[in-house]
Amino acid sequence: DAGITQSPRHKVTETGTPVTLRCHQTENHRYMYWYRQDPGHGLRLIHYSYGVKDTDKGEVSDGYSVSRSKTEDFLLTLESATSSQTSVYFCAIRTGEINQPQHFGDGTRLSIL
Amino acid sequence: GDSVTQMEGPVTLSEEAFLTINCTYTATGYPSLFWYVQYPGEGLQLLLKATKADDKGSNKGFEATYRKETTSFHLEKGSVQVSDSAVYFCALSDPTSYDKVIFGPGTSLSVIP
């Protein structure tokens, strides 16, 4: 158990509303990641963080922002949700050693109507 | 750029059959290689890993060997069980970049009694 909690686990919301997903870890790992998983596209990196207040964009960052004010929390925000952002979102963490794998949370299923 | 190719399936096997899921990769450096498993409704779980050429990763009866000469990391299990039904992802980690974890598209496995 990598000590990762994602909240909420499920959310249904309407187009145009803001949405924030939370990833919480208990092990003080430096690196945290947000992915989305969609049929036919596999896993795609949205944003990642390499420390408090240090974040960078992944391959599908448009329409998303992130914040990390504490080591243990990494927030993903959809400022104005669109139907194309309906997906399953996964948070992952990684230790400081570069050859180590990522460990994933159980995901948030987000539906935007 | 770096990439991972794996058979997409779905693969259907009878219980106790031999399993092979092929994975090949393209990388400019010397990546670490991973197999992840995803059960329905859950996040990805690390199944096994190998960090250098000729390393063999193993876990729960699954094995994979890092073959640099053929750029492959095929997943094998001698006798599958119904409980092995899941989606399997091959992945590589670029040792020069913390954001570069490349996932294959996933292979869906169904094991029937």
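Attention here is on the structure that accompanies the text. Because the structure is a prediction, the values reported are computed rather than measured.

Let's talk about the pattern of salt bridges
The final tally for this structure, using the stated rule, is 7 salt bridges over all chains. Measuring nitrogen to oxygen at the nearest pair gives 3.3 Å for the salt bridge that ties B:Lys52 to B:Asp55.

Examining the interface of chain A and chain B
The partner chain B presents 21 residues to the 21 residues of chain A that form the contact. In this assembly, chain A packs against chain B so that about 1800 Å² is buried in total across both faces, 56% of it on carbon and sulfur atoms. One can count 0 salt bridges joining chain A with chain B. At the surface where chain A touches chain B, the tally comes to 4 residue pairs in polar contact (both at pLDDT 80 or more). Contributing elements (two or more residues each) for the side of chain A that touches chain B: β4 (31–38), β5 (42–51), β9 (87–94) and β10 (103–104) of chain A.

Some thoughts on the environment of A:Cys23
Residue and element names in this part refer to chain A. With respect to the element layout, cysteine 23 can be found in strand β3 (residues 19–25). You can call cysteine 23 buried: its relative accessible area is 0%. In this structure, the C-alpha to C-alpha distance between cysteine 23 and alanine 92, residues 69 residues apart in sequence, is 8.5 Å. Apart from the residues lying within four places of it in its own chain, the contact partners of cysteine 23 are Ile4, Thr5, Met32, Trp34, Glu72, Asp73, Phe74 and Cys91.

Overview of the state of the cysteines
This structure, assessed with the given rule, holds 2 disulfides over all chains. Between A:Cys23 and A:Cys91 runs a disulfide, and the two sulfur atoms are separated by 1.9 Å. A torsion of -70° about the S-S bond marks the disulfide between A:Cys23 and A:Cys91 as left-handed. Here the residue A:Cys23 occupies a position in strand β3, and A:Cys91 occupies one in strand β9, the gap between them amounting to 68 residues. Disulfide pairing is shown between B:Cys23 and B:Cys90; the S-S distance is 1.9 Å. One quick way to see it: the torsion about the S-S bond of B:Cys23 and B:Cys90 is about -70°, and its sign makes the bridge left-handed. You can see B:Cys23 sitting in strand β4 (residues 23–26) and its partner B:Cys90 sitting in strand β10 (residues 86–93), a full 67 residues away along the chain. With relative accessibility at 1%, the residue B:Cys23 sits in the buried group.

What counts, and where the lines are drawn
- Residues numbered from 1 in each chain as written.
- Chains lettered and ligands numbered in written order.
- Predicted model: local features only at pLDDT ≥ 70, side-chain atom pairs only at ≥ 80, totals over all residues.
- Heavy atoms only, no water.
- Salt bridge = Lys/Arg side-chain N within 4 Å of Asp/Glu carboxyl O.
- Contact = heavy atoms within 4.5 Å.
- Buried area = accessible area lost by both parts, 1.4 Å probe.
- Polar contact = N/O pair within 3.5 Å; in protein donor to acceptor, adjacent residues only side chain to side chain.
- Helix = DSSP H or I, 4+ residues; strand = E, 2+ residues; numbered from the N terminus.
- Buried < 20%, exposed > 50% of the residue type's maximum accessible area, 1.4 Å probe, protein only.
- Disulfide = S-S within 2.5 Å.

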